[in-house]
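Secondary and tertiary structure notes
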Amino acid sequence: MDLRDFYLQHIKEDEYHHRFHNEIENVNKEYNIFTGYEEVNDIEFEVYDTEEAILKFRELCQPEVAFDTEKKCWFYLITYYLHKMGYEIKEFPRVLARPPVEPGEFTYGEIRNRIIAQGGDDNGTVRYATRRAFVASLTFELKSNHIEITDSINQKFIEISTRQSSFNNMSTDEKLAEIANLIENMLKKDGKFLSVDYSLVCFEYINEETVKEYRHRLQCFRHSSDKSIQERASYTNEQKSFLIDYGLIIIKAIHDVLQMAE
């Protein structure tokens with residue numbers, strides 16, 4: 001996964017991390033007074049998954065790291081990605097959501113101050129080895145705001161994902177797109193949609209018509225036309241969160257009804 005592409009595709013103007021937009025967008029460019037910005041570098045910001053992103057974050061927090069433009073972008077991109085994936089650092093709960101403009105304020109200042117506050121200094125000096133041990137012990141926690149899913153349902157998400165991603169490793173818009181895809185995958189057999197008796201597990205609260213309406217609402221997350229992009233942007237974060245939870249309830253209902261029919 002290219003974290004820069006992820007950022008540029010998902011960032012919105014009202015998000016905290018948008019303040020880093022110009023630096024991230026132009027990281028591979030230099031400004032020429034005659035021709036404007038020109039592409040001169042080919043820096044890539046790729047990680048395999050969240051585990052590798054966390055490892056890279058720990059590397060950036062090492063005491064010998066000096067932050068040039070490239071490393072600053074790494075810091076901004078990783079904090080944004082992990083924040084969007086629902087992660088927090090237990091010892092510093094706000095740093096992923098609101099990283100400092102100067103990364104060293106955290107990687108040197110806040111970490112050093114925390115070690116001193118815990119009595120880990122040597123007469124005011126914080127040894128490199130102490131900082132490395134402290135960074136290695138940072139606890140990254142996944143703060144899921146959504147309904148829990150079983151391993152079998154999560155495996156279904158992995159199977160239909162074009163990048164074999166688990167549900168919790170997806171961005172919000174990606175979750176909605178894959179929820180729509182999974183509902184269709186579970187219901188559509190031999191080109192036709194199955195008729196499901198939802199009342200077996202959820203009384204009359206969900207039926208075929210409400211599922212059909214829900215799938216229709218999520219179509220904009222599956223397509224990349226200008227109209228779909230505008231429709232996606234019209235939803236608030238709270239509305240998207242509701243749609244995710246509602247979709248997971250539908251998927252669990254379909255899963256349970258189909259199991260009962262076996």
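Scroll up to find the structure.
The structure contained in this document is the topic of the report that follows. Going along each chain's sequence as written, the residues are numbered from 1 onward. Given that this is a predicted model, residues contribute local features only at a pLDDT of at least 70 and side-chain atom pairs are listed and counted only at 80 or more, while totals for whole chains, interfaces and linings are drawn from all residues. Only hydrogens and water are removed before side-chain values are computed, so all heavy atoms of the structure are retained for them.

**Focus on the pattern of salt bridges**
Here, a salt bridge means any Lys or Arg side-chain nitrogen found within 4 Å of an Asp or Glu carboxyl oxygen. For the structure shown, the criterion picks out ten salt bridges. Among the ionic pairs, E59 bridges to K56, the shortest N-O distance being 4.0 Å. Here the residue E59 and the residue K56 both occupy positions in helix α3 (residues 50–60), the gap between them amounting to three residues, near one helical turn. R222 is the partner of E184 in a salt bridge, and the nearest nitrogen-oxygen pair spans 3.3 Å. Separated by 38 residues along the polypeptide, E184 in helix α8 (residues 172–187) and R222 in the loop between α10 (208–217) and α11 (226–233) bring together distant segments of the chain. Each member of the salt-bridge network shares a partner with another, and the members are D173, R232 and K240. Helix numbering and strand numbering both begin at the N terminus, where a helix is a DSSP run of H or I of at least 4 residues and a strand a DSSP run of E of at least 2.

**Considerations on the layout of surface pockets**
In the cavity and pocket records, a cavity denotes points on a 1 Å grid over the protein atoms alone where a 1.4 Å probe fits but cannot get out, a pocket denotes an open set with protein on both sides within 12 Å along at least 5 of 7 lines, and lining residues are residues with an atom within 4 Å of a point. Grid points are joined across faces, edges and corners, and a volume is the space filled by probe spheres set on the points. There is about 620 Å³ of room inside the second largest pocket. Looking at the second largest pocket, it is lined by 21 residues, and the ones nearest its centre are Q9, H10, S171, D173 and R232. For the lining of the second largest pocket, the secondary structure elements donating two or more residues are α1 (3–10), α8 and α11. Top contributing element to the lining of the second largest pocket by residue count: α1, with four residues. Classification used: nonpolar for Ala, Val, Leu, Ile, Met, Phe, Trp, Tyr, Cys and Pro, charged for Asp, Glu, Lys and Arg, polar for all others including Gly. Taken together, the residues of the lining of the second largest pocket sort by class into five nonpolar, six polar and ten charged.

**Considering the packing of aromatic side chains**
Pairs were defined over the aromatic rings of Phe, Tyr and Trp, the Trp ring being its six-membered one, requiring ring centres within 6.5 Å. Orientation was assigned from the angle between planes: stacked under 30 degrees, edge-to-face over 60, tilted for the rest. Under the counting rule described, the total for this entry stands at 17 aromatic pairs. Between the aromatic rings of F6 and Y81, the centroid separation amounts to 5.2 Å while the plane-to-plane angle is 85 degrees, which identifies the pairing as edge-to-face. Of this pair, F6 sits in helix α1 while Y81 sits in helix α4 (residues 69–84); the two residues are 75 residues apart in sequence, bridging distant segments of the chain. When a residue's accessible area, from a 1.4 Å probe over protein chains only, is under 20% of the maximum for its type it is buried; when over 50% it is exposed; and in between it is partly exposed. Overall, F6 belongs to the buried group, its relative accessible area being 6%. With centroids separated by 6.1 Å and ring planes inclined at 80 degrees, the aromatic side chains of F67 and F75 adopt a geometry described as edge-to-face.

**Some remarks on a nonpolar patch on the surface**
Surface patches are defined over residues having more than 30% relative accessible area and no salt bridge, joining like charges when they lie within 9 Å and nonpolar side chains (Val, Leu, Ile, Met, Phe, Trp, Tyr) when within 5 Å. Here the open area of atoms and residues is found with the Shrake-Rupley method and a 1.4 Å probe, where only the protein chains shown may cover a residue. Nonpolar side chains collect at one region of the surface, where Y31, I33 and F34 lie side by side and expose about 460 Å² of accessible area between them. Tracing the chain through its elements places F34 in the loop between β1 (29–32) and β2 (36–39). F34 gets classed as exposed once you look at its relative accessible area, which sits at 75%.

**Observations regarding the side chain of R232**
By the element assignment, R232 lies in helix α11. Residue class for R232 comes out buried when judged on its relative accessible area of 16%. There is a polar contact of 2.7 Å between the side chain of R232 and the backbone oxygen of C220. Contact partners of R232, with chain neighbours within four places excluded, come to D173, C220, F221, H223 and K240. In protein, a polar contact means a hydrogen-donor-capable atom and an acceptor-capable atom, both N or O and within 3.5 Å, with residues adjacent in sequence counting only if both atoms are side-chain atoms; elsewhere, any N or O pair within 3.5 Å suffices. By definition, residues are in contact when any of their heavy atoms lie within 4.5 Å.

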